[in-house]
Amino acid sequence: MRNKFADAVYEIGSKDKRICALVADISPAGSMLKFRENYPERFINTGVAEQSMIGIAAGLALRGMRPVCYTIATFSLYRPFEFIRVDLCYQNLPVTIIGMGAGVIYSTLGGTHHSMEDIAIASSLPNMTVLAPCDPIEMRNATEWCLTKSNGPVYMRLGKAGEPNLSENANEPFDIGKVRNLIKGEKIALLSYGITLNICFKVREILKNKGLSPSIYSCHTLKPFDEIRISQILKSYDKIIIIEEHVPEGGLSTRIKNCAWKYKSNVKIHTFTLKDQFIHFYGNHEELLEKHGISVSRIIKKINE
Amino acid sequence: MIDKKASMQRCINYRKKILDISQNVTALHAAGAFSATEIVDCIYYDLIRKDDKNKDLDTFVMSKGHGCMIQYVILKDKGILSEKDLIDYCKPNGRLGCHPDYGVPGIEASTGSLGHGLAISIGMAYADKIKNINRNVYVVLSDGELQEGSTWEAMMMASNLELGNLICFLDHNGSQSFGHTKLTHPKFYPIIDKIKAFGFDTNEVNGHNVEEIYDSTLKRDKKKPYLLVCNTVKGKGVSFMENKPIWHYRSPTPDEYKLAISEIKEIGE
């Protein structure tokens, strides 16, 4: 997703001189070489200085530019949090913050490089839009919207590398602010966002062999949240399965449960989230997710109960 | 040449006006405004250039947001804010609070949280530079802001980006909540050496003398960002407020107000 993101910024930035890229010594693979070489004046590396990256982006936006700030999620959102809150959200400026490699993707780098709470934190800020596209195709659409259409700050959670295209044959188009049905099915709805949607597809493959046909939804816009669509989904299925690479509080699970209460739904909701724990474990991404309780086999087991 | 006499008269009016406003509210940052009075007057009246239509060509960012009373009274003086705005200061039907908000006429950025204004100003100055717009960005920083790591991050970038259009003024009143910086944080000094080491052109002046502020700014090295250390006195102009931490935020009582008003006179040295 990193390469594709760099390509997207280059392509969109070629047509729109307002677009500028700020990085804090970390940049998409290839270091955005094409953008940097062609538009050096619109590429700023602030060095390992995330607070000034956000502040400078705010000043650029106050002059009509449309900056995108890029680094690993924990450094793009947590480190300069108060700058995001005051400079971007309080002033409501169109600056996009990319949280790269969010969740526990950087499994072996340890807790300092994990961002397990980013959706809750970013969503708590007034004026902030929060996006988490599931694959390179959704990411391309979301990036186009962030860089050319958004009216305020956006936090966009991205994966790292090698994500498969999941939305090629999606049942519905990608629309910011809308929950998107990727595959139409019945009785069971699988909901996720970002790269864990991949798990939904694996679960569906196994369930298909048992004659079940679950629906899959991409909840790529976490804020503003599409409550109306969620309320309809809650009415339309027997079981709701939510998978998210995020702590239990303040993410998709919390929001869907809020909707269930608000719309008086009694549907069974099962959530698979990261634990509310820092887990000291070194393995690959999938193995760390398993430690947190997120795996295809656990989800299948729960559905079969 | 600047009209120093006119500036001194304006500064008398500003200080009196701020004292007047202080009688409508329980608290305001008068002392921090009094230390920056001559600096902000010099920026607005002598440094900011005008275009053909008499519109300000340059930008001013009050990074020490708690000093905004001086900005408010000057913006009123210039007709950008109204008398009603000042009367309604910190009132439910007003639009001016204790810190400046972006969106209010004349306010270029929301400040108040220290250590933000410089990076924002760098973004503005850099955008102007790459668009070939002839515009200076003037920034007033508090000395407390120089304790924020974000200010030094930003200074490093201002030099890297060679922002000759970024002109900063340090309101060095040497006073903060716990007392005098010289005593509480002796290693805060020397300031000038640190600023030079970060690639800025710099100089040191009496921050209550507009001539010195103006002349030094004109003589700056225009290839580098500039930070002028303005030595000031917190609460300048009212003897019992000067360098007393208690006056950071409180309003004078009616008796104190009368005494303060009687003390306000020309300051130039």
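First, a word on what this report is: a plain description of the structure on this page. Keep in mind it's a predicted model, so treat the numbers as computed, not measured.

## Quick look at the sheet that holds strand β9 (residues 215–218) of chain A
All names here are of chain A.
- Pairing is mixed in the open sheet, where 5 strands are placed in the order β7-β9-β8-β11-β12. Of all strands in the sheet, those with a lone pairing partner are β7 (180–183) and β12 (268–272), marking the two edges. Ignoring strand direction, the axes of neighbouring strands in this sheet form an average angle of 25 degrees.
- As judged from the 4 bridges shared by strand β8 (residues 188–192) and β9, these two strands associate in the parallel manner. When the bridges of β9 are listed, Ala189 appears paired with Ser215.

## Thoughts on the pairing of strand β11 (residues 239–243) of chain A
Residues and elements named next belong to chain A.
- Judged by how many residues are buried, β11 sits mostly within the fold: 5 of 5 residues are covered.
- Residues of β11 alternate between two faces, with Lys239, Ile241 and Ile243 on one and Ile240 and Ile242 on the opposite face, all of them buried.
- Inspection of the sheet shows β8 paired to β11 by 4 bridges, in the parallel sense. Within β11, the residue paired with Leu191 across the bridge is Ile242.

## Remarks on the side chain of A:Asp135
- By the secondary structure assignment, A:Asp135 is in the loop between β5 (129–131) and α7 (136–148).
- With sequence-adjacent residues up to four places away left out, A:Asp135 is seen in contact with A:Met1, A:Pro164, A:Asn165, A:Leu166 and A:Ser167.

## Some thoughts on the sheet that holds strand β3 (residues 66–72) of chain A
Residues and elements named next belong to chain A.
- Spatially, 7 strands are ordered β2-β1-β3-β4-β6-β5-β10 in an open sheet, and the strand pairing comes out mixed. Bordering the open sheet on either side are β2 (43–45) and β10 (221–223), each of which pairs with just one other strand. When the angles between neighbouring strand axes are averaged without regard to direction, this sheet yields 20 degrees.
- As judged from the 5 bridges shared by strand β1 (residues 19–23) and β3, these two strands associate in the parallel manner.

## Considering the packing of aromatic side chains
- Applying the stated rule across the entire model yields 10 aromatic pairs over all chains.
- Measuring from centroid to centroid gives 6.1 Å for A:Tyr217 and A:Tyr237, while their planes differ by 85 degrees, and the two rings are edge-to-face. Of the two residues, A:Tyr217 sits in strand β9 while A:Tyr237 sits in the loop between α9 (227–236) and β11, which places them 20 residues apart along the sequence.
- On the basis of relative accessible area, A:Tyr217 is assigned to the buried category, the value being 5%.
- A residue is classified by how much of its surface remains accessible, and A:Tyr237, at 10% relative accessible area, is buried.
- Measuring from centroid to centroid gives 6.1 Å for B:Tyr72 and B:Tyr89, while their planes differ by 65 degrees, and the two rings are edge-to-face. In this pair, B:Tyr72 is assigned in helix α3 (residues 68–77) and B:Tyr89 in the loop between α4 (83–87) and α5 (117–130), connecting sequence segments 17 residues apart. As far as the burial class goes, B:Tyr72 and B:Tyr89 line up, both buried.
- Three or more aromatic residues joined by ring pairs make a cluster, and in this case those are A:Tyr10, A:Phe35 and A:Tyr39.
- The ring of A:Phe43 is capped by A:Arg36, whose NZ or CZ atom sits 5.5 Å from the centre of that ring.
- Over the ring of B:Tyr45 we find B:Lys78, and its NZ or CZ is 4.7 Å from the ring centre.

About the thresholds
- Residues numbered from 1 in each chain as written.
- Chains lettered and ligands numbered in written order.
- Predicted model: local features only at pLDDT ≥ 70, side-chain atom pairs only at ≥ 80, totals over all residues.
- Heavy atoms only, no water.
- Pairing = 2+ DSSP bridges.
- Helix = DSSP H or I, 4+ residues; strand = E, 2+ residues; numbered from the N terminus.
- Axes fitted to C-alpha atoms, helices over the stretch in contact; angles between N-to-C directions.
- Buried < 20%, exposed > 50% of the residue type's maximum accessible area, 1.4 Å probe, protein only.
- Contact = heavy atoms within 4.5 Å.
- Phe/Tyr/Trp six-rings, centres within 6.5 Å; stacked < 30°, edge-to-face > 60°.
- Lys NZ or Arg CZ within 6 Å of the ring centre and 35° of its normal.

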